[in-house]
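# Structural description and commentary
Read off the chains here:
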Amino acid sequence: MSTATETSATVTLPKVRIDYLPVLLVPILMLLALPLVGSFSTWVTLTVAALAMGMMIFLMASGLTLVFGLMDVLNFGHGVFISFGAYVSLIALGPLAGWVESTNLWLNVGALLACILVAMLVTGALGYAFERVVIRPVYGQHLKQILITMGGMIVAEQMIHVIWGASPIPLRLPEGLRGAIVIGDAAMEKYRVIAVVLGLLVFGAMHLVLNRTKIGLLIRAGVENPEMVEALGYKIRRLFVGVFIVGSALAGLGGVLWAFYRQTLTAGMGMEVNVLIFIVIIIGGLGSVGGCFIGAILVALVANYTGFLAPKLALGSSILLMVVILLWRPQGLYPVAKR
Amino acid sequence: MLHSILSGDYPRSRPLAIVLALVLVCLAFAPFLFPGSQPLNVAAKICVFVILVASYDLLLGYTGIVSFAHTMFYGIGGYGVAIAMYNFSPTWPALGIGIVVALVLAILLALLIGLFSLRVRAIFFAMITLAVASAFAILASQLNEITGGEDGRSYRIPEMLRPAFRLFDEPVLGVMINGRILTYYLIFLSALILFLLALRMVNSPFGRVLQAIRENDFRAEALGYRVVVYRSIANCLSAGMATLAGVLMALWLRYTGPDTTLSFAIMIDILLMVVIGGMGTLYGAVLGATIFILAQNYLQVLMGKFSGMLEGAGIPLLPNLFHADRWLLWLGILFVLSVYFFPVGIVGKLRQMRK
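Residues numbered from 1 in each chain as written. Chains lettered and ligands numbered in written order. Predicted model: local features only at pLDDT ≥ 70, side-chain atom pairs only at ≥ 80, totals over all residues.

Attention now moves to the overall build of chain B. Within chain B one finds 18 helices and two strands. With respect to the three principal axes, the spread of C-alpha positions in chain B is 65 × 55 × 50 Å. In chain B, buried positions account for 49% of the 355 residues. (Helix = DSSP H or I, 4+ residues; strand = E, 2+ residues; numbered from the N terminus. Buried ≥ 20, exposed ≤ 12 C-beta atoms within 10 Å, placed from the backbone.)

And the structure:
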């Protein structure tokens, strides 16, 4: 009896093979671009800018890919959370105007964090309402889902016009976050560095939650096989609502960062990035968070490098990237089972 | 006679038949019934959008696939005319060449997209078309030398269609028949013919297969119909029709630019028209387009007045809700409600009423 337990304890589970190939694409792409760009300092600037953009895209896309993976719901109105997040930060910026103009870096960062917090709370709540009102009645019907989420997007975008007016609103970065850090010849905008750090933090946190907690286990299991999770007695519906709320809140966070990056607010800004987000989640493999992360970075890198090397091509570059990746792996970088 | 014209697909509802007949009569005699350039403009837009929406309905309503690249084909038609008229000469042969090139390009592109992404699930096709369409819109605004970039192209059209042209010296029924009215009738007749052709198509055996695919693609495949092939053909036909709609619009506006042809706003308009009118019935395209364009042109005025009234009464926020520019909000709400409560649209509701 005792020997039996001993052997079963020593026999380790077979390791899950980790697919490193897509991860390698990122450094390979960076190195390939170096001789093409020519100057090292320009390359650093471009790469940091691309990483910042990639992080923001990842933040906005991560919720969408999880929601799709878990519940097979594709939210075409996802962009609305981005726009709303960005506009809601105005609420926080009003009373915190002093912090924004202050020269104290900590107050500046505090103002940014306050914006993010408010935006995440509001978009999370909005996500709950959106799921309740718009998405719940159309589970399992793709055609209706596409239509209804588009409809929800139209209405929400118009509501932004109603509440905040139709004209674009300029948004000023907090005083201490403007300008660039210069190391050698390479200039890196401070704000982009902050965006990279924030993005990495969120990715790290998501990674931990998904891989080291029970909730994460359930979410991953739900993405692979929702019926089985349901059969084991877990309420996948409740789990899904949670993921939808978190996904919306992350979109709100991404929206705030994106708005400060662009420094203007328009109601259509969410819809504009929506296309990019779709490309990213297709590249990453629908439903895969890791794939979404790498996809976002790849898209941003390619966009920035081609933007520098061949500006005319830049805007179509992400589509080209998508085509190439799909030719290599038709289901995306990290295909999720049975999708 | 009527049976073969309508391909046996009758409105099947008295109110619907009356409304359709009314729309037809109004459009057919628009220059005489509603003199002035604004009403004629609205009528021409309705004709073009009926075709555009009907062609989209072939995809969405009959085949059950969601495409966001429809404005791309519409734009190809528009730019085909624009480039031919602007770079060559405002003559009929140039116009013909422009139309043919645009059609070939559109159909090839549709085929390519279809073969690339129609094999997989509907949702994938929706995303791919969205991406391709936005890339095309960017391309059109970037290629300055060819398309005129963001400004677009204004051009002259064949002489017969210009406002200065007079068909008769005397006015007919009190209206001078000028090139503008000829253009209108060119658009009206083309739209009518294209619509009847589409009706013919959906009521043919081919159309029945499309509907079978919409209802259950797995079963259609099992019955021996190559789903990919049928979907691709539907996609190409629909793209071709959208291209022709773009051609007609380009002839009417004598201007083609990214905002009038390629913008995502137009795609949303098309979606709204199809769903509000009724998916899976071509008559829905007529109603949807008519209602939407009338709303676009006249609802704004009404809402503006209402908003002013509310503002006069000193109610907060509400005036904003009814602001003249917020008409899309109300159509959006109508859209969401129609997807939920009457997915068959106005046409479907009218047909149900009879039973």
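What follows is about the overall build of chain A. Helices and strands together make up the secondary structure of chain A, namely 14 helices and four strands. Against the globule reference of 20 Å for 339 residues, chain A gives a C-alpha radius of gyration of 21 Å, in line with a compact fold. With respect to the three principal axes, the spread of C-alpha positions in chain A is 70 × 50 × 40 Å. The 339 residues of chain A split such that 50% are buried. For chain A, the proportion of contacts with a sequence separation of at least 24, taken over those separated by at least 6, is 76%. (Rg over C-alpha atoms; globule rule 2.2 N^0.38 Å. Contact = placed C-beta atoms within 7 Å.)

As a further point, take helix H7 (residues 142–164) of chain A. Look at H7(A): 32 Å from first C-alpha to last across 23 residues, which is about the 33 Å you get at 1.5 Å a residue. Phi turns positive, to about 85 degrees, at A:Gly165, one or two residues after H7(A). (Expected span 1.5 Å × (residues − 1).)

So, on to the nonpolar core. With 238 residues, the main nonpolar core has A:Ile57, A:Val299, B:Val48 and B:Val50 as its most contacted residues. Looking at this core, the element that brings in the most residues is helix H3 (residues 40–71) of chain A, giving 21 residues. Not counting the four nearest positions on each side in its chain, A:Val299 is found in contact with A:Gly54, A:Ile57, A:Leu276, A:Ile279, A:Val280, A:Ile283, A:Ser318 and A:Leu321. (Core = buried A, V, L, I, M, F, W, Y, C linked by C-beta atoms within 7 Å.)

At the interface, 30 residues of chain B touch 27 residues of chain A. The set of elements that each furnish at least two residues to the side of chain B that touches chain A consists of helix H7 (122–142), helix H14 (264–277), helix H16 (318–321) and helix H17 (327–341) of chain B. It is H7(B) that contributes the most residues to the side of chain B that touches chain A, 12 residues altogether. Tallied by class, the residues present in the side of chain B that touches chain A amount to 23 nonpolar, five polar and two charged. (Nonpolar A, V, L, I, M, F, W, Y, C, P; charged D, E, K, R; others polar.)

Now for unusual backbone geometry. At A:Gln263, a residue that is not glycine, the phi angle is positive and equals roughly 65 degrees. Phi is positive for B:Arg254, which is not a glycine, with a value near 55 degrees. Counting through the fold element by element, B:Arg254 comes out in the loop between helix H12 (227–253) and strand E2 (255–256).

With that settled, consider the packing of helix H12 (residues 269–284) of chain A against helix H13 (residues 289–309) of chain A. Residue and element names in this part refer to chain A. One way to put it is that H12 packs onto H13 with a least axis distance of 7 Å and a crossing angle of 125 degrees. The orientation of H12 relative to H13 falls into the category oblique. Crossing of H12 against H13: the hand is right-handed. Touching Leu 276, Ile 279, Val 280, Ile 281, Ile 283 and Gly 284 of H12 are Gly 291, Cys 292, Ile 294, Gly 295, Ala 296, Leu 298 and Val 299, all from H13. Counted by class, the contact of H12 with H13 contains 10 nonpolar, three polar and no charged residues. (Axes fitted to C-alpha atoms, helices over the stretch in contact; angles between N-to-C directions. Parallel < 35°, antiparallel > 145°, perpendicular 65-115°, else oblique. Left-handed = near helix turned anticlockwise from the far one by under 90°.)

Note that predicted coordinates carrying low pLDDT should not be read in detail. Residue and element names in this part refer to chain A. Residues of chain A with pLDDT of at least 70 account for 94%, and the chain-wide mean is 82. Mean pLDDT values for the elements of chain A range from 50 in helix H1 (residues 2–10) up to 89 in H13. In the model, residues 1–6 has pLDDT below 50 throughout and makes zero contacts with residues more than four positions away in sequence or in other chains. (pLDDT = per-residue confidence, 0-100.)

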